[in-house]
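Structural characterization, general
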Amino acid sequence: MQQPALEVRSKKLVTVEGLTFKDLNANGRLDPYEDWRLSPAERAADLVARMDLDELVGMMLINTRFTGFSAPSGAETSHDGALDERTIEAGTSIFATRQVFGTTETIERLKLRHFIVRDDVSAGQLAAWNNAMNEVAEATRLGIPTLAASNSRNENGEPVFGMNDAVGALSTFPATLGIAAAIGGDIAAGGDAALVDGFAAAIREEWLAVGIRKGYMYMADVVTDPRWQRIYGTFGEDPELIADIVERLVAGLQGDRVGGTSIATTIKHFPGGGARENGFDPHYAEGKWNCYPTPGSFERYHLPPFRAALASSSFMPYYSAPSIAKSVVQSVDGVEIPYEEVGFTFNHYVLHDLLRGQLGFTGYLNSDSGVTDNMCWGVEDLSIPERFAKAINAGTDLIADTNNVADLRAAVDRGWISRARLEQASARLLIEMFSLGLFDDMTYVDADAADARVAASPGWELAARTHRDSVVVLKNTAGTLPMRPGTRVYAEVFHRSAERADLKTAQARAAASAHPGLELVERPEDADAVVLFADPQSGNYFTSTPGLLELSLCEDKELTSTTGETYTETTLLGADRFRTLAREARARGQQVIVSVNVAMPWILDDVEPLADALVAGFSTFFDAQFDVLAGVSAPHGRLPLTLPSSAAVIAVDDEGHCASPNDVPGYAKQEYLADGLTYAYVDAEGNHYTLGHGLTW
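A brief report on the enclosed structure follows. Only a predicted model underlies this, so the values are computations on that prediction, with no experimental measurement involved.

Basis of the calculations
Residues take numbers from 1 onward in each chain, read along the sequence in its written order. Thresholds applied to this predicted model are a pLDDT of at least 70 for local features of residues and 80 or more for the giving and counting of side-chain atom pairs; totals over whole chains, interfaces and linings are not thresholded and use all residues. To get the side-chain values, all heavy atoms of the structure are used, and hydrogens and water are removed first. A helix here means a DSSP run of H or I that spans at least four residues, while a strand means a run of E at least two residues long, and both kinds are numbered starting from the N terminus. Computation of the radius of gyration draws on C-alpha atoms, with the globule rule given as 2.2 Å multiplied by the number of residues to the power 0.38. Think of it in three bands: with a 1.4 Å probe and only protein chains considered, a residue is buried below 20% of the maximum accessible area for its type, exposed above 50%, and partly exposed in between. The criterion used for residue contact is that any of the two residues' heavy atoms lie within 4.5 Å. Picture the helix axis, draw a direction to every C-beta atom, and the arc is the one those directions span. Between N or O atoms, a polar contact is any pair within 3.5 Å; within protein, one atom must be a potential hydrogen donor and the other a potential acceptor, and residues adjacent in sequence are included only when both atoms are from side chains. Whether two strands pair comes down to DSSP finding at least two bridges between them. Every angle, taken between N-to-C directions, lies between 0 and 180 degrees, and every axis is a line fitted to C-alpha atoms, over only the stretch in contact when it is a helix. Take the number of residues in a helix, subtract one, and multiply by 1.5 Å to get its expected span. What makes a salt bridge here is a side-chain nitrogen of Lys or Arg within 4 Å of a carboxyl oxygen of Asp or Glu, nothing more. Throughout, nonpolar core names a set of buried Ala, Val, Leu, Ile, Met, Phe, Trp, Tyr and Cys residues whose side chains join them through atoms within 4.5 Å. For classification purposes, an angle smaller than 35 degrees is called roughly parallel, one larger than 145 roughly antiparallel, one from 65 to 115 roughly perpendicular, and anything else oblique. Left-handed describes a crossing whose near helix is turned anticlockwise from the far helix through less than a right angle; right-handed describes the clockwise counterpart. Here the nonpolar group is Ala, Val, Leu, Ile, Met, Phe, Trp, Tyr, Cys and Pro; Asp, Glu, Lys and Arg are the charged ones; every other residue, Gly included, is treated as polar. By convention, a stacked pair of Phe, Tyr or Trp rings (six-membered ring in the case of Trp) has centres within 6.5 Å and planes under 30 degrees apart, an edge-to-face pair has planes over 60 apart, and any other such pair is tilted. The rule is short: NZ of Lys or CZ of Arg within 6 Å of the ring centre and within 35 degrees of the ring normal puts a charge over the ring.

Our focus in this paragraph is the overall build of the protein. For the protein, the count of helices and strands is 18 helices and 24 strands. Here the C-alpha atoms of the protein give a radius of gyration of 26 Å, agreeing with the 26 Å that 2.2 N^0.38 yields for 697 residues. Principal-axis analysis of the C-alpha atoms gives the protein an extent of 85 × 55 × 50 Å. Here the protein holds 697 residues, and the buried ones make up 63% of them. Long-range pairs, those at least 24 residues apart, make up 73% of the contacts in the protein with a sequence separation of at least 6.

And the structure:
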């Protein structure tokens with residue numbers, strides 16, 4: 001067995017039989033948990049027996065931790081600015097509602113070892129932060145290191161807490177829907193989903209460089225309700241394709257097994273978050289139910305990606321709870337699922353009997369953020385210590401985005417959680433840490449080399465190609481595309497935010513100006529082609545809209561709330577001007593090219609007729625889109641989901657029933673519609689905007 005290269009910063013090394021080990025508990029001898037020759041399970045078993053209750057409790061919580069590099073000027077930091085040492089009296093999000101302590105205090109006194117890093121800082125700064133965290137941890141009683149987790153960092157998109165925490169420091173692909181669109185094009189051309197292998201390899205290389213060893217990714221949820229606000233973070237609506245993608249991601253990030261060069265994965269959100277009740281999200285009470293009104297939908301549509309991801313180091317259960325009244329009986333492999341109407345984090349049958357028992361999952365279970373304070377559906381009447389006990393005894397091993405050691409310890413002291421269960425959960429968590437080499441040669445990373453290592457990643461080139469390949473041409477009247485060389489173009493971006501519209505318009509115009517085949521003009525009337533980018537936004541998955549989420553491109557549209565009151569909604573600021581620009585350009589005989597950012601399956605029934613050419617992007621870079629529009633790159637992408645034909649096909653009646661079932665993906669909804677309705681949008685040229693659609697030339 002080869003001697004690993006060990007580094008210590010406060011403890012000492014011990015030599016046994018000519019080999020070197022870390023003396024993490026500073027007792028001057030080699031203990032089993034310090035012995036890198038033993039298996040992770042053996043080491044974890046030894047360590048949990050040495051841990052006191054507070055150390056076990058701290059091990060089972062993971063909390064958001066910002067770096068000192070992003071702290072306000074003058075704020076207290078340590079370790080050359082790497083660690084944020086502020087005390088914040090109240091949390092800063094719906095997840096973190098409690099007092100936040102400085103980093104050193106959190107590690108030393110609260111004894112937390114798992115942290116979610118959300119900062120958008122450089123690779124070198126992330127690496128320096130990781131090293132400082134572990135330097136503090138090494139000096140504690142048992143020298144247990146820290147494990148940094150993060151939501152995905154390698155896709156383009158607007159910053160959203162818990163979804164797109166960081167963009168641009170690492171190689172930047174289109175949104176996950178765009179990756180699925182590019183893969184759809186590869187498959188249509190006779191290939192497969194091998195793009196995922198390169199994507200995973202790039203992430204692995206870059207994350208290893210910065211010391212982030214755990215990915216809260218990816219979403220294996222199958223889109224079945226078009227109004228779910230989190231659709232843009234999924235891979236679409238095809239269960240078979242998503243299963244292939246997540247299986248490749250787990251293998252590519254972790255390897256054959258979790259080891260010293262792995263990025264451990266947390267696949268979410270078991271058993272599938274797509275089965276929303278009319279799109280409402282479980283971050284708020286209106287969306288707390290998972291509804292399965294269609295026989296067989298659970299097993300046929302929602303479960304396949306999770307079956308494919310069973311090798312993942314951990315799974316994240318969703319906030320939502322299964323509804324008895326709003327579902328029919330579902331089964332898996334012929335075994336009926338009894339519905340306990342509590343969130344899946346608290347659901348013993350789903351986690352223990354189904355996931356571990358029937359499916360054979362052996363990793364650990366990491367709750368979603370805030371389940372003991374806010375999104376505690378079905379257990380709202382329990383005290384917080386009782387919620388901890390309910391979740392942990394149901395099978396959840398790590399409670400996310402809290403530092404609430406007091407209430408977890410209270411549940412233990414009252415006898416609601418046994419020490420044996422604490423040790424079981426902590427052992428599962430520690431096995432991952434031992435496997436990743438965090439106790440040995442992977443505690444620290446080379447911070448000085450991190451920026452260069454990330455810059456040299458093959459991910460940048462692959463990402464650029466994937467942006468181009470993600471573009472889906474939905475409509476191309478009379479060969480509008482590709483634009484001929486020298487075409488004079490006017491470009492403008494529309495968004496719900498005026499500030500973002502201005503910023504993105506500047507980016508789009510810079511991309512058009514730099515393009516060798518195009519000439520940018522300042523006025524639409526001087527153009528040969530008017531290129532309008534629509535980047536609509538609808539809802540917020542942290543707060544409920546008064547009514548159903550709006551999927552049309554609208555400004556100040558009058559709608560009716562679920563309680564019968566009227567309100568207005570804007571998904572695209574300047575929507576009337578957007579349409580006016582298109583109509584006036586058509587009247588002048590100019591070509592109108594519309595690009596819609598498909599973060600959700602928008603209803604385009606009054607947009608598509610205005611366009612000579614219509615394309616779909618997925619947080620796709622503007623230069624890549626212009627490459628396709630100008631013919632530098634052939635159109636390649638295919639729709640990863642189906643665009644509804646009209647509001648009528650997703651209308652909800654007074655009893656809350658949707659015209660098309662919430663638990664069935666768009667490509668299959670047609671068979672459930674009333675006569676006379678067509679689910680997928682069909683344009684005047686007969687193009688069906690359904691899963692897999694995409695034109696080429």
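Below, the discussion takes up helix 14 (residues 447–455). Looking at helix 14, one finds that the buried residues are A447, A450 and V454. Viewed end-on, helix 14 has its buried residues packed into an arc of 10 degrees, placing them on one side of the element. Counted as exposed and oriented over 90 degrees from the buried face of helix 14: D448, A452 and A455. Of the surrounding secondary structure, the elements contacted by the buried residues of helix 14 are helix 4 (123–138), helix 6 (195–210) and helix 15 (459–470). Near the N-terminus of helix 14, the side chain that reaches the backbone nitrogen of D448, with its oxygen 3.2 Å away, is that of D446.

The next subject is the sheet that holds strand 16 (residues 398–400). Sheet strands line up and pair through hydrogen bonds in the backbone, either parallel or antiparallel. If you trace the eight strands once around the closed barrel, you get 3-6-7-8-9-11-15-16, paired in parallel fashion. Neighbour-to-neighbour, the strand axes of the sheet open up by a mean angle of 30 degrees, direction not taken into account. In terms of strand pairing, strand 8 (residues 214–216) meets strand 9 (residues 264–270) through two bridges, oriented parallel. The partner of G215 across the bridge, within strand 9, is T265.

An ideal rise of 1.5 Å per residue puts 18 Å on 13 residues; helix 5 (residues 176–188) measures up with 18 Å between its terminal C-alpha atoms. Counting buried residues along helix 5, 10 of its 13 residues qualify, which places the element largely inside the surrounding structure. For helix 5, the full list of buried residues reads T176, L177, G178, I179, A180, A181, A182, I183, G184 and G185.

One pass over the structure, following the stated rule, counts 41 salt bridges. A salt bridge links R409 to D413, with the shortest nitrogen-to-oxygen separation between them at 2.8 Å. Taken as a pair, R409 and D413 lie in helix 12 (residues 405–413) at a separation of four residues, close to a single helical turn. Residue R409 is classed as partly exposed on the basis of its relative accessible area, which comes to 24%. The class for D413 is exposed, based on a relative accessible area of 52%.

With 177 residues, the main nonpolar core has L47, M51, I144, F270, F315, L430 and F439 as its most contacted residues. Residue contributions to this core peak at nine residues, all from helix 6. For F315, the residues in contact, after removing those within four places along its chain, are T266, I267, F270, F306, A309, L310, L355, F361, Y364, L365 and N366. V489, A491, A512 and V615 belong to the second-largest nonpolar core, a separate cluster that totals 22 residues.

Below, the discussion takes up unusual backbone geometry. The omega torsion across K268 and H269 is 5 degrees, close enough to zero to call that bond cis. The residue H269 is located in strand 9 in this model. Of note, the phi angle at A26 is positive, near 55 degrees, even though the residue is not glycine. Position of A26 among the secondary structure elements: in the loop between strand 2 (19–23) and helix 1 (40–50). Backbone geometry at S619 places phi at a positive 50 degrees, although glycine is not the residue there. Tracing the backbone shows S619 in the loop between strand 24 (613–617) and helix 18 (622–629).

When you tally the buried positions in strand 24, you get five out of five residues, the bulk of the element. Every second residue of strand 24 is oriented toward a common face, with A613, V615 and G617 on one face and L614 and A616 on the other, all of them buried. Summarising the sheet, strand 17 (residues 472–476) and strand 24 pair through four bridges and their orientation is antiparallel. Within strand 24, the position partnered with V473 by the bridge is V615.

Take the sheet that holds strand 20 (residues 529–535) next. Pairing is mixed across the open sheet formed by six strands, whose spatial order is 17-24-23-20-18-19. Here the strands that pair on one side only, and so sit at the sheet edges, are strand 17 and strand 19 (518–520). Put simply, the sheet's adjacent strands are angled 25 degrees from each other on average, direction ignored. Sheet topology places strand 18 (residues 487–495) next to strand 19; three bridges connect them, and they run parallel. Within strand 19, the residue paired with V489 across the bridge is L520. Its contacts with the sheet place helix 17 (residues 575–587) against strand 18, strand 20 and strand 23 (591–597), and it is angled at close to 160 degrees to strand 18. Packing against the sheet, helix 18 makes contact with strand 17, strand 18, strand 19, strand 20, strand 23 and strand 24, and its axis sits at approximately 140 degrees to strand 20.

Once that is clear, we can look at the packing of helix 6 against helix 15. Following both chains from N to C, one finds helix 6 and helix 15 inclined at 140 degrees, their axes separated by 9 Å at the closest point. If you check the angle between helix 6 and helix 15, you find them oblique. In the packing of helix 6 onto helix 15, the handedness of the crossing is left-handed. Of the residues in helix 15, those in contact with L195, G198, F199, A202 and E206 of helix 6 are G459, L462 and T466. Of the residues in the contact of helix 6 with helix 15, the class split is four nonpolar, three polar and one charged.

Within the fold, M433 resides in helix 13 (residues 419–435). Separated by 393 residues in the primary sequence, M433 and P40 have C-alpha atoms spaced 8.3 Å apart. Not counting the four nearest positions on each side in its chain, M433 is found in contact with M59, H114, I144, P145, T146, L147, L438 and F439.

Now for the packing of aromatic side chains. By the definition in use, this model includes 18 aromatic pairs. Relative to F235, the ring of Y218 has its centre 5.9 Å away and its plane inclined at 55 degrees; by these criteria the two rings are tilted. Within this pair, whereas Y218 is found in the loop between strand 8 and helix 7 (239–254), its partner F235 is found in the loop between strand 8 and helix 7, the two being separated by 17 residues in sequence. Residue Y218 is classed as buried on the basis of its relative accessible area of 3%. Members of the aromatic cluster, joined through ring pairs, are F173, F199, Y218 and F235. A cation over a ring is seen here: R9 above Y444, with NZ or CZ 4.1 Å from the ring centre. Lying across the ring of F101, R109 places its NZ or CZ 4.8 Å from the centre.

Contact geometry for helix 11 (residues 384–394) and helix 12: axes closest at 8 Å, N-to-C directions at 75 degrees. Classified by the angle their axes make, helix 11 and helix 12 are roughly perpendicular. Of helix 12, the residues touching helix 11 (which contributes I384, P385, F388, A389 and I392) are D407, L408, A410 and A411. Classifying every residue of the contact of helix 11 with helix 12 by side-chain character gives eight nonpolar, no polar and one charged.

Treat this as a map of the structure, not an account of what it does.
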